[in-house]
Amino acid sequence: MLDKHAKLERNALAFVFAIIFVASIGGIVEIAPLFTIDETVEEVEDMRVYTPLEVAGRNIYIREGCYACHSQMIRTLQDEVERYGPYSLAVESQYDHPMLWGSKRTGPDLARLGEKYSDAWHVAHLINPRDVVPSSVMPSYAWLQRNSLRYDDMGLHLAALRKVGVPYTDEMIASASHDTYGQARPDSERADEFLERYGEDSNVRLFDGDPGRVTEMDALVAYLQILGRLTDAAHQQANDQTEGD
Amino acid sequence: MVSQLTRDERGSAMILCVILTLFGATLGLMGRDDVLGWHGALLALSGMVLLFVVMNKLYDPDPDPDRVTRYYDDPTKVGVIVSMMWLVFATFVGDWVAWLLVYPEATFDAGWSSFGRLRPVHTTGVIFGFGGNALIATSFHVLQRTSRARLAGSLAPWIVLIGFNLFCLLAVTGYMFGITASKEYAEPEWYADLFLVVIWVVYFVLYLRTLARRQEPHIYVANWYFLAFILVVAILHIINNLAVPVSLGHAKSYSLFSGVQDAMTQWWYGHNAVAFFLTSGFLGMLYYYLPRRAGRPIFSYRMSIISFWGITFLYMWAGSHHLHYTALPHWVQNLGMTFSIILVVPSWASAGHALLTLNGAWEKVRDDATLRFMFVAAVFYGLSTFEGSFMAIRPVNSLSHYTDWTVGHVHAGALGWVAMITFGTFYTLVPMLWNRERMYSSRLIEAHFWLALAGTVIYVFAMWNSGIVQGLMWRAYAENGTLAYSFIDSVDAMRPYYFARAVGGFLFFLGGVIGLYNIWMTTRMPTMEKPPVYDLPPVVEAEPAE
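This section reports on the structure supplied with the text. All values reported here derive from a predicted model rather than from experimental measurement.

1. Focus: the overall build of chain A
- In terms of regular secondary structure, chain A is built from 13 helices and zero strands.
- In summary, chain A has a C-alpha radius of gyration of 22 Å against a globular reference of 18 Å for 245 residues, an excess of more than 25%.
- Reported as C-alpha extents along the three principal axes, the dimensions of chain A are approximately 80 × 45 × 40 Å.
- By residue count, 59% of the 245 residues in chain A fall in the buried class.
- By sequence separation, contacts in chain A at least 24 residues apart represent 68% of the contacts at least 6 residues apart.
- About 10600 Å² of surface is accessible on chain A, with carbon and sulfur atoms providing 53% of the total.
- For chain A, the distance from the average site of its 23 positive side-chain charges to the average site of its 40 negative ones is 10 Å.

2. Observations regarding the layout of surface pockets
- A volume near 850 Å³ is recorded for the largest pocket.
- Taken together, 38 residues line the largest pocket, and the ones lying closest to its centre are His 70, Gly 107, Pro 108, Leu 110 and His 125 of chain A.
- For the lining of the largest pocket, the secondary structure elements donating two or more residues are α4 (78-84), α5 (119-127) and α12 (216-224) of chain A together with α4 (115-147) and α17 (487-493) of chain B.
- Tallying contributions element by element places α5 of chain A first for the lining of the largest pocket, with four residues.
- Classifying every residue of the lining of the largest pocket gives 25 nonpolar, nine polar and four charged.

3. Brief notes about the packing of helix α3 (residues 74-100) of chain B against helix α15 (residues 404-433) of chain B
Residues and elements named next belong to chain B.
- Running from amino to carboxyl end, α3 crosses α15 at an angle of 145°, the nearest separation of the two axes being 11 Å. Relative to α15, α3 is oriented so that their crossing is left-handed. Contacts between α3 and α15 involve Thr 76, Lys 77, Val 80, Ser 83, Met 84 and Leu 87 from the former and Phe 423, Phe 426, Leu 429, Val 430 and Leu 433 from the latter.
- In the contact of α3 with α15, the residues fall into eight nonpolar, two polar and one charged.

4. Description of the interface of chain B and chain A
- Every contact between the two is made by 97 residues of chain B and, on the other side, 87 residues of chain A.
- Taken over both partners, the interface formed by chain B and chain A buries close to 7800 Å², and the fraction arising from carbon and sulfur atoms is 66%.
- There are five salt bridges connecting chain B and chain A.
- Where Arg 146 of chain A meets Asp 109 of chain B, a salt bridge forms, and the shortest distance between an N and an O atom there is 3.1 Å.
- Connecting chain B to chain A are 32 residue pairs in polar contact (both at pLDDT 80 or more).
- It is helix α8 (residues 259-294) of chain B that provides the largest number of residues to the side of chain B that touches chain A, a total of 10 residues.
- Split into classes, the residues belonging to the side of chain B that touches chain A amount to 54 nonpolar, 27 polar and 16 charged.

5. A word on the state of the cysteines
- Following the criterion strictly, the structure yields zero disulfides over all chains and no others.
- Take Cys 66 of chain A: it sits in no disulfide, and the sulfur closest to it among the cysteines is that of Cys 69 of chain A, at 8.6 Å.
- Summary of cysteine pairing: Cys 168 of chain B is not part of a disulfide, and the nearest cysteine sulfur, belonging to Cys 17 of chain B, is at 19 Å.
- Judged by its relative accessible area of 1%, Cys 168 of chain B falls in the buried class.

6. Describing the pattern of salt bridges
- One pass over the full model with this rule turns up 30 salt bridges over all chains.
- The partner of Arg 372 of chain B in a salt bridge is Glu 446 of chain B, with the nearest N and O atoms 2.7 Å apart. Here Arg 372 of chain B, found in helix α13 (residues 369-391), pairs with Glu 446 of chain B, found in helix α16 (residues 442-475); they are 74 residues apart in sequence, far enough to count as distant.
- The class of Arg 372 of chain B is buried, set by a relative accessible area of 11%.
- Among the residues examined, Glu 446 of chain B registers a relative accessible area of 25% and is labelled partly exposed.
- Beyond isolated ion pairs, a larger network of salt bridges with shared partners links Arg 63, Glu 64 and Glu 216 of chain A together with Arg 117 of chain B.

7. Things to note about the nonpolar core
- Counting 238 residues, the largest nonpolar core has Tyr 168 of chain A together with Phe 277 of chain B as its most contacted members.
- Beyond its immediate sequence surroundings of up to four residues, Tyr 168 of chain A is in contact with Val 49, Tyr 50, Val 55, Leu 158, Leu 161, Arg 162, Ile 173 and Tyr 198 of chain A.

8. With respect to the side chain of Glu 187 of chain B
- As for its placement among the helices and strands, Glu 187 of chain B is situated in the loop between α5 (156-177) and α6 (190-212).
- Here Glu 187 of chain B is buried and forms no salt bridge, its nearest opposite-charge partner Arg 119 of chain B lying at an N-O distance of 4.8 Å.
- A polar side-chain atom of Glu 187 of chain B sits 3.2 Å from the main-chain amide nitrogen of Tyr 185 of chain B.
- Dropping the residues within four chain positions of it, Glu 187 of chain B is found in contact with Tyr 67 of chain A together with Pro 120, Thr 123, Thr 124, Tyr 175, Thr 180, Ala 181 and Ser 182 of chain B.

9. Some points on the environment of Thr 338 of chain B
- Within the secondary structure, Thr 338 of chain B is located in helix α10 (residues 330-342).
- From its side chain, Thr 338 of chain B meets the backbone oxygen of Asn 334 of chain B in a polar contact 2.6 Å long.

Definitions and cut-offs
- Residues numbered from 1 in each chain as written.
- Chains lettered and ligands numbered in written order.
- Predicted model: local features only at pLDDT ≥ 70, side-chain atom pairs only at ≥ 80, totals over all residues.
- Heavy atoms only, no water.
- Helix = DSSP H or I, 4+ residues; strand = E, 2+ residues; numbered from the N terminus.
- Rg over C-alpha atoms; globule rule 2.2 N^0.38 Å.
- Buried < 20%, exposed > 50% of the residue type's maximum accessible area, 1.4 Å probe, protein only.
- Contact = heavy atoms within 4.5 Å.
- Areas by Shrake-Rupley, 256 points an atom, 1.4 Å probe, with all protein chains shown as cover.
- Lys, Arg positive; Asp, Glu negative; His and termini not counted.
- Charge placed at Lys NZ, Arg CZ, Asp CG, Glu CD.
- 1 Å grid on protein atoms, 1.4 Å probe; cavity = no way out; pocket = protein on both sides within 12 Å on 5 of 7 lines; lining within 4 Å.
- Points joined across faces, edges and corners; volume = space filled by probe spheres on them.
- Nonpolar A, V, L, I, M, F, W, Y, C, P; charged D, E, K, R; others polar.
- Axes fitted to C-alpha atoms, helices over the stretch in contact; angles between N-to-C directions.
- Left-handed = near helix turned anticlockwise from the far one by under 90°.
- Buried area = accessible area lost by both parts, 1.4 Å probe.
- Salt bridge = Lys/Arg side-chain N within 4 Å of Asp/Glu carboxyl O.
- Polar contact = N/O pair within 3.5 Å; in protein donor to acceptor, adjacent residues only side chain to side chain.
- Disulfide = S-S within 2.5 Å.
- Core = buried A, V, L, I, M, F, W, Y, C linked by side-chain atoms within 4.5 Å.

Given below as structure tokens:
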């Protein structure tokens, strides 16, 4: 062995190929099958895509680095299920490009945050967390309420998401910026069109409570309110398991 | 630096500056409605400044033809100083965000200065700014000495160094603008990622071309590690950052992978960034500078081989231990755990190897703070790799994951191992580079050592405590069978530990400032009449007749 190695370490190119070969094995064995084994991601029928406003909100969540302190992955542990709700399924982040499972809980997990609090609570909390949770160490995000949301390019965003595998229709892409507006303006015609496209169950509200502009706050709150509510599969499975006991 | 280039190289440099300017201008125009526009402008401006610098010296006389009888160390000199500047900047930001967890209001009412945007500035600044520059600088130095050959070309090392720092600049300014791909330790967006790929190819080719000039038949161990660092980081970087941009005028892109596949790819990347950036590269440093400083040969050639291939093979399996109990399939979690545990063998072989090399030089470790930095680094390397394997065990991970224990663990590695080995290396290297007999002040090295050690120990102990307390509070049940604590109870309990952590971080930052001052003053010391001879010169082959 040592003799062979003595030869190998005299040849730079051979050494390079040896490193690439040895280092590739682990990744190939662990990652490649995840794309081919069907059981990796559950198949559920009610899984829905993010609306354009929710996509914009998700991008703000990413931009502000929320994932650094909040996970979106409830583990299969008793105390987590009791604290946050049914454990997370792979399918729930099927359309998450990228995923936001997170790695740290300086604040609580958000995988099932949707509809747990009112829109007004979220707005107050984001403007100054200490107004609603006195000992919170979360930063305040007051500028979200001050910034208008840019949504004229949401069609491009949806088109890019379709390229990586999210099933948006041509119609959804063409009307993406109208739909963004419609979801945040309940009284507008665009709201009705939005509901036709994305289903009556979608949230159409004045998320930030301000009938003026569509703000970044609108988008972020719309996103937070849908967390854990793209599919009912996790609750369904939890119920089945309880009944089975 | 320009006067060291030949006329031809100056011409090529000008062309590259023009390309950079045009690239920046194009990006800026395409992204004029987006934050991308600012980054285009930044690149265009950098290109123009560099062009001006080159043009200013274009007609200087050609460099000394005797330069081939010397090593080319100017890029290393710049790299060392820039690395220390990144350290001071990034640990300052790190300590700022640490204080924000104690006093959340201690910032401005603006997006750029909020915790979520500053945190990646800290991590990127430390890992890539400080660590990356240190690796590039030392790899050039080690490569030339162990090959007894001058770097292949005088322009390529500057492309690598300047290009890499432009990438770091794009990264940290981007986060403050709100540009991030959100993949931890791979946050820069698609155009910065592509830019880095180009730089990295130049780095790799330069490394191979210099190795091809070597006058020693064998490639020395340190270069194995540097090669693994360059190669595997390239593989990880390219695969994990695959994405589709919204348009060529948008900074934003959407990752090619989603959900569980994305999570696995991300932590395959994340864990191996630790392995091949923060371990492999720095082991390369250790394998050259520790024996030199201790004045003792490497303990065992055989042990080097086992550790090197062990680390290169095993680490790549371990990433899934970041995803225990998640929606990642069980079989991948189990593989990750198993390989993480086996990984302690080559890791301890490396750490033990360093200590065995020091065996017989303990009086030097006692008296010489520079060597003591390296000794402590090897100890922390051993401790944090053991801790890492331990935390990868599923039941242990159920407690430690998502808590500050993880933060403590990475800082034991980053402060205790990566930074300490770099400080020891720099204090060895700087007098060699500037032809000084010694550093400006050995008392300042001593002060730096104790500040860094105290800072690290305070930090790590604070995070062990806070992490374990958090983990236990989250899973505690009251007698009536309900959860005993609300989440905010655990936040309240963290206060004293977060305070202690910020104090520890400040001590470490202070040490870095002292280090930068000491290195700077060493470069200002008067040149000696008879400079010490540190190295055998490169072997110069007779130029083939043209």
